[in-house]
Amino acid sequence: NAGVMQNPRHLVRRRGQEARLRCSPMKGHSHVYWYRQLPEEGLKFMVYLQKENIIDESGMPKERFSAEFPKEGPSILRIQQVVRGDSAAYFCASSPTGVSVNTEAFFGQGTRLTVV
Amino acid sequence: GESVGLHLPTLSVQEGDNSIINCAYSNSASDYFIWYKQESGKGPQFIIDIRSNMDKRQGQRVTVLLNKTVKHLSLQIAATQPGDSAVYFCAEIAGGYQKVTFGTGTKLQVIP
């Protein structure tokens, strides 16, 4: 059973371009979380999705950022018109149900976005 | 609320010594806590967890202590090894929709 797969591992975009980050959860997992991490800082929650539904997007910037988790295929975090401040590591985690005492979330290796 | 970004505090320990990493959490309604280890260039990895109705839990070489009175967590690593060098984050989960909220993190450096 492969772990959480994120691609690409590294992504370079020029200012104004779009960035698309993909996350394939572990097999059987229908809950996905996205986090952003700046260098030397903690992980900041962005969005929590279940299949075809956004459960909590309280950590998403109001503009330029969107996320989806379709019935088929990976979860996508999309950043439009990227700016240098978007440069960070973006991590995805998945779990079979919501995280709880008996249910762990597993993290991917992250996508490192660099905006030049 | 969300923790403000800060440069990570660093703890340096000699190989073989015990390490204690501390964390203050913010939400008194949190009912579950997790410690994660993050090695350079990798995603967070689960180490140990504890429910809010417990004050201590032991794993292999690791112990987590919870003090709800002062909203404080600690992670103790016995006989620290070079492979323990990483950034350690505490995380809290409040009831409801199970969002994991991370603390700021501590960088552990093990001196051979």
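For the structure, check the block above.
Residues numbered from 1 in each chain as written. Chains lettered and ligands numbered in written order. Predicted model: local features only at pLDDT ≥ 70, side-chain atom pairs only at ≥ 80, totals over all residues. Heavy atoms only, no water.

## Some points on the overall build of chain B
To be explicit about the condition: The numbering of helices and of strands both runs from the N terminus, where a helix is a DSSP run of H or I of at least 4 residues and a strand a run of E of at least 2. When we talk radius of gyration, it's over C-alpha atoms, and the globule rule is simply 2.2 Å times the number of residues to the 0.38. Exposure is judged per residue with a 1.4 Å probe applied to protein chains only, and the accessible area is read against the type maximum: over 50% gives exposed, under 20% gives buried, and values in between give partly exposed. Any two residues whose heavy atoms approach within 4.5 Å are treated as being in contact. Surface exposure here means Shrake-Rupley accessible area, sampled with a 1.4 Å probe, where a residue is shielded only by the protein chains that are shown. For the purpose of counting charges, residues Lys and Arg are taken to be positive, whereas Asp and Glu are taken to be negative. His and the chain ends are not included. Where a charge lies is defined by one atom per residue type: Lys uses NZ, Arg uses CZ, Asp uses CG and Glu uses CD.
Counting its secondary structure elements, chain B contains zero helices and ten strands. For 112 residues, the compact-globule formula gives about 13 Å, and the C-alpha radius of gyration of chain B, at 14 Å, lands near that figure. Each of the three principal axes of chain B carries a C-alpha extent, and together these read 45 × 30 × 20 Å. Counting all 112 residues of chain B, 42% fall into the buried class. In chain B, the share of contacts with a sequence separation of at least 24, taken over all contacts with a separation of at least 6, comes to 55%. Accessible surface for chain B amounts to roughly 5600 Å². Of this, 47% is attributable to carbon and sulfur atoms. With 10 positive and 9 negative side-chain charges, chain B shows a separation of 3 Å between the mean positions of the two kinds.

## Some points on unusual backbone geometry
Residues and elements named next belong to chain A. With an omega dihedral of -5°, the bond running from Asn7 to Pro8 counts as a cis peptide bond. On the secondary structure map, Pro8 appears in the loop between strand S1 (5-7) and strand S2 (10-13). Positive phi values are uncommon outside glycine, yet Arg64 reaches one of about 75°. Looking at the element boundaries, Arg64 is found in the loop between strand S6 (53-56) and strand S7 (65-68).

## What to know about the interface of chain B and chain A
Condition: Buried area counts how much accessible surface, traced with a 1.4 Å probe, disappears from two parts once they are put together, with both parts' losses summed. One side-chain nitrogen of Lys or Arg within 4 Å of one carboxyl oxygen of Asp or Glu is enough to make a salt bridge. Nitrogen and oxygen atoms within 3.5 Å of one another constitute a polar contact, given that in protein one can donate a hydrogen and the other can accept it, and given that sequence-neighbouring residues count only through two side-chain atoms. When residues are grouped by polarity, Ala, Val, Leu, Ile, Met, Phe, Trp, Tyr, Cys and Pro land in nonpolar, Asp, Glu, Lys and Arg in charged, and all others, Gly among them, in polar.
The interface of chain B with chain A comprises 26 residues on the first partner and 26 residues on the second. Both sides together, the interface formed by chain B and chain A hides about 2100 Å², and carbon and sulfur atoms give 56% of it. Across the pair Glu40(A) and Lys107(B) runs a salt bridge, and its minimum N-O distance is 3.3 Å. Across the contact surface, chain B and chain A share seven residue pairs in polar contact (both at pLDDT 80 or more). The biggest single contributor to the side of chain B that touches chain A is strand S3 (residues 30-38) of chain B, with four residues. Residue composition of the side of chain B that touches chain A, grouped by class: twelve nonpolar, eight polar and six charged.

## Structural notes on the sheet that holds strand S2 (residues 19-24) of chain B
All names here are of chain B. Convention followed: The pairing criterion for strands is at least two bridges between them, as found by DSSP. For helices, the fitted line uses only the C-alpha atoms of the stretch in contact; every axis is such a line through C-alpha atoms, and the angle between N-to-C directions lies from 0 to 180 degrees.
Taken in spatial order, the four strands make up an open sheet running S2-S7-S6-S5, and their pairing is antiparallel. Single-partner strands in this sheet number two, and they are S2 and strand S5 (56-58). Taking the axes of each pair of neighbouring strands and ignoring which way they run, one obtains an average angle of 15° across the sheet. With six bridges joining them, S2 and strand S7 (residues 72-77) adopt antiparallel strand pairing. When the sheet's bridge partners are listed, Ser19 is paired in S7 with Ile77.

## Some thoughts on the nonpolar core
Going by this rule: Note on terminology: a nonpolar core comprises buried Ala, Val, Leu, Ile, Met, Phe, Trp, Tyr and Cys residues joined through side-chain atoms within 4.5 Å.
Formed by 23 residues in total, the largest nonpolar core has its most connected members in Trp34(A), Met46(A), Leu77(A) and Tyr90(A). Within the second largest apolar cluster, 21 residues are counted, among which are Phe45(A), Phe107(A), Leu8(B) and Ile93(B).

## Points about the sheet that holds strand S8 (residues 75-79) of chain A
Residues and elements named next belong to chain A. Reading across the sheet, the four strands line up as S1-S3-S8-S7 and stay open at both edges, with antiparallel pairing between neighbours. Looking at the sheet topology across the chains shown, the edges are occupied by S1 and S7. This sheet shows a mean twist of 15° between the axes of neighbouring strands, independent of strand direction.

## Some remarks on the pattern of salt bridges
All names here are of chain A. Under the criterion given, the structure shown has five salt bridges over all chains. Between Asp86 and Arg64 there is a salt bridge, with the nearest N and O atoms lying 2.7 Å from each other. Here Asp86 is found in the loop between S8 and strand S9 (88-95), whereas its partner Arg64 is found in the loop between S6 and S7, with 22 residues between them in sequence. Given the relative accessible area of 25%, Arg64 is considered partly exposed.

## Thoughts on the environment of Asn53(A)
Relative to the helices and strands, Asn53(A) resides in strand S6. C-alpha separation for the pair Asn53(A) and His29(A), spaced 24 residues apart in sequence, amounts to 14 Å.

## Considering the side chain of Ser19(B)
Along the chain, Ser19(B) turns up in strand S2. Within the local environment of Ser19(B), its side chain forms a polar contact with the side chain of Thr80(B), the two groups lying 2.7 Å apart.

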